[in-house]
Amino acid sequence: MAWSPPATFSLFLLLLGQPPPSRPQSLGTTKLRLVGPESKPEEGRLEVLHQGQWGTVCDDSFALQEATVACRQLGFEAALTWAHSAKYGQGEGPIWLDNVRCVGTESSLDQCGSNGWGVSDCSHSEDVGVICHPRRHRGYLSETVSNALGPQGRRLEEVRLKPILASAKQHSPVTEGAVEVKYEGHWRQVCDQGWTMNNSRVVCGMLGFPSEVPVDSHYYRKVWDLKMRDPKSRLKSLTNKNSFWIHQVTCLGTEPHMANCQVQVAPVRGKLQPACPGGMHAVVSCVAGPRFRPPKTKPQRKGSRAEELRLRLRSGAQVGEGRVEVLVNRQWGTVCDHRWNLISASVVCRQLGFGSAREALFGARLGQGLGPIHLSEVRCRGYERTLSDCPALEGSQNGCQHENDAAVRCNVPNMGFQNQVRLAGGRIPEEGLLEVQVEVNGVPRWGSVCSENWGLTEAMVACRQLGLGFAIHAHKETWYWSGMPRAQEVVMSGVRCSGTELALQQCQRHGPVHCSHGGGRFLAGVSCMDSAPDLVMNAQLVQETAYLEDRPLSQLYCAHEENCLSKSADHMDWPYGYRRLLRFSTQIYNLGRTDFRPKTGRESWVWHQCHRHYHSIEVFTHYDLLTLNGSKVAEGHKASFCLEDTNCPTGLQRRYACANFGEQGVTVGCWDTYRHDIDCQWVDITDVGPGNYIFQVIVNPHYEVAESDFSNNMIQCRCKYDGHRVWLHNCHTGNSYPASAELSLEQEQRLRNNLI
């Protein structure tokens, strides 16, 4: 059963000299935090940070306008009410503010009138609390893990596991070992006295692991005792120093960071009392998520795999981050950021096989989704196995929009892959010739990558491995970049990635290296970026606008010249006869975080005299009619003759227009509409017989321009044609059906090329 700490637990921690997990923000000049129930980040005792020390606010003269200023400064939209007489427990330390008087328009509490800092006749029984509206303010972007141990500025900087067993040392990532904490720049070990599985859970979560298992403490005790008796070991002399130890740690198991636990660095009596009398270092054993396990480990239980498939992250630049999407009633949808916090975000991360959350993001920080908003006001306690176990409202109940889509950044294990790849020769750190480290005859060696078959999918894996986000270009010629002198040899060729790999070393590649053009100027390179566009089509519009037209050949000369008709049109008696066209409109949104721009500049665009326009992308969309088993019976394509902002939401300026040889592209948040009545906006079905089919539209089919998510570039509809009329129904984006029906990027590519 999950347990949520009561409000009095915060007081309990303060009495022990350790502040509870808090939510300090600095939108104004003074930091505020609310100390209260962990499941409700929008309410609690109001505390102010002044001169490096947290203190409280007296409830004298405090009213709704003062609460409103405080809530806005904390990142919430407004205040609901305030609470007097220490409803959320009595604080400790100074009472910094008394008789606070705000107009209600101030941006921070220190802009309001008061008696002055520390001038008060109140006691802590008059500490004020506030209750804010759970909806976040637009300017409030995320809740980030704090590693601060208290107002003195001391920090638990890092945590690591020091492997003890020989088998653990060979394991990557390291999942078992002694807990070491970096405190004030020095590594310390943690005393095992009072150590619990809750503590282990927090440590494993920080290291990117979703769960923990007990260790054989008796065996580790024997190893410890042997080292203590060894006269050559320095361990005995080190353990006598209190600076070697963290005295005691007590966690609930729901904290995102050990610094949020009750941490006692030294004993109460200081140097007079040993920090770990008769004890040893705490040992932890973690369980890695499926993506981070060695290939030989046992497969995951079917049940846990099904649970994972009901949840996914989208549009993240790194592994373990993205917009949160859940599967409800066979349709993917998003989660609203109202009441979204690190505890709920950690449940998401652990469910997906990562560790705890290091950041909970608000306000569609990682892009807006499409379709329904399934959940809002998610209130996890921290021990839930899945997000569906947490209480929540339906997203439609409180007016959420996609501009409120929640996202997460999770802790992920250190696999060491980032040390096996590097860029050389680029003008900026995000571009260059790609160099990788592989084993050659058992010896690690740096070298280059052959650019044969090198494409955007492979470049995406490389940029993610480098920690640089998305690939915007996959370079096949890199003669203008000089590599490292000792890495000239080609050590990797025939690289073929599916797009889900953590490193290029996990992709398929040639056994013996075979680079037909010998490398040289034809070596692989990349240009990376931390954000990318994301094109998504309006499936409903396609379904509602489809119709048939018998168009005379006399009106199709230009379309024929641009290969927009089936091959049989070549053998007709022009200009006599007609072609039967399935026409429809498309509306393409850019839901990403950067503008969608053609791969090439205006100087490379191709002029088409017949239609008198420029093609900035030769094939921008594919239109196909397939049999129910995937065989193509009719096709069409659309060049981006006019890639522009047809419409933008209120308050957003159109930036791209094709008139007068203007710049082409689609601005973030805007959409480009291709009406049904323009040339080539069709599929030529003249040669197709009556029957049931699949109608398919794919935007950016050749991955010419990088996107944060290619899985939503395809829409499919069921199509019924009786020889005279056509019906499109059940239109959906490629990823709006159950995850079990989703295809890998490689499988999607085969479908698009009709190779199934």
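Residues numbered from 1 in each chain as written. Predicted model: local features only at pLDDT ≥ 70, side-chain atom pairs only at ≥ 80, totals over all residues. Heavy atoms only, no water.

The protein is annotated in an unreviewed UniProt entry as Lysyl oxidase homolog 4 from Macaca nemestrina. Listed in UniProt under the heading Sequence similarities (unreviewed entry), the comment for the protein reads: "Belongs to the lysyl oxidase family." Recorded in UniProt for the protein, the comment headed Function (unreviewed entry) runs: "Catalyzes the oxidative deamination of lysine and hydroxylysine residues in collagen and elastin, resulting in the formation of covalent cross-linkages, and the stabilization of collagen and elastin fibers." (UniProt positions renumbered as here; feature names shortened; annotations may be inferred.)

What follows deals with the pairing of strand β16 (residues 311–314). Along β16, one buried face is formed by L311 and L313 and the opposite face, lined by R312 and R314, is buried too. Bridging between β16 and strand β17 (residues 321–328) involves four bridges; their strand directions are antiparallel. In the strand pairing of β17, R312 is matched with E325. In this antiparallel pair of consecutive strands, β16 and β17, the connection spans six residues, and S315 shows a positive phi of 70°. (Buried < 20%, exposed > 50% of the residue type's maximum accessible area, 1.4 Å probe, protein only. Helix = DSSP H or I, 4+ residues; strand = E, 2+ residues; numbered from the N terminus. Pairing = 2+ DSSP bridges.)

This part takes up the environment of H281. Looking at where H281 falls in the secondary structure, it is placed in the loop between β14 (262–264) and β15 (283–287). For the pair formed by H281 and A178, sequence separation is 103 residues and the distance between their alpha carbons is 6.2 Å. Apart from residues no more than four positions distant in its own chain, H281 is found in contact with I164, A178, Q189, V190, D192, W224 and W245. (Contact = heavy atoms within 4.5 Å.)

Okay, the state of the cysteines next. All chains considered together, the criterion is met by 15 disulfides. Residue pairing for C58: its cysteine sulfur links by disulfide to C122, the two sulfurs lying 2.0 Å apart. Judged by the torsion about the S-S bond (-75°), the C58/C122 disulfide is left-handed. Here the residue C58 occupies a position in the loop between β3 (53–57) and α2 (64–73), and C122 occupies one in the loop between β5 (95–97) and β6 (129–132), the gap between them amounting to 64 residues. Per residue, the accessibility class of C58 equals that of C122, and both read buried. For C102, the disulfide goes to C112, at an S-S distance of 2.0 Å. The sign of the S-S torsion, about 105°, decides the handedness of the disulfide formed by C102 and C112: right-handed. (Disulfide = S-S within 2.5 Å.)

The next thing to look at is the sheet that holds strand β32 (residues 586–590). As summarised here, the arrangement of the three strands in space is β29-β32-β37, forming an open sheet in which the pairing is antiparallel. Unpaired on one side and paired on the other, β29 (535–537) and β37 (671–674) mark the two borders of the sheet. Taking the axes of each pair of neighbouring strands and ignoring which way they run, one obtains an average angle of 20° across the sheet. The pairing of β32 with β37 spans four bridges and is classified as antiparallel. (Axes fitted to C-alpha atoms, helices over the stretch in contact; angles between N-to-C directions.)

Let us look at the environment of V440. Note on placement: V440 falls in strand β24 (residues 431–440). On the basis of relative accessibility, which here comes to 22%, the residue V440 falls in the partly exposed class.

Quick look at the side chain of R579 now. Looking at where R579 falls in the secondary structure, it is placed in strand β31 (residues 578–583). The class for R579 is buried, based on a relative accessible area of 2%. A polar contact is formed between the side chain of R579 and the side chain of S568, at a distance of 2.8 Å. (Polar contact = N/O pair within 3.5 Å; in protein donor to acceptor, adjacent residues only side chain to side chain.)

The next point concerns unusual backbone geometry. Peptide bonds are trans in most cases, and residues, glycine excluded, mostly fall at negative phi. Between S172 and the following residue, P173, the backbone shows a cis peptide bond with an omega angle of 0°. When you line up the elements, P173 lands in the loop between α3 (166–169) and β9 (176–183). The residue S61 is not glycine, and still its phi comes out positive at about 65°. Secondary-structure assignment places S61 in the loop between β3 and α2. Relative accessible area serves as the criterion here: at 47%, S61 is assigned to the partly exposed category. For S85, which is not glycine, the phi dihedral falls at a positive 55°. Mapping S85 onto the fold places it in the loop between β4 (79–83) and β5. For S85, a relative accessible area of 44% corresponds to the partly exposed category.

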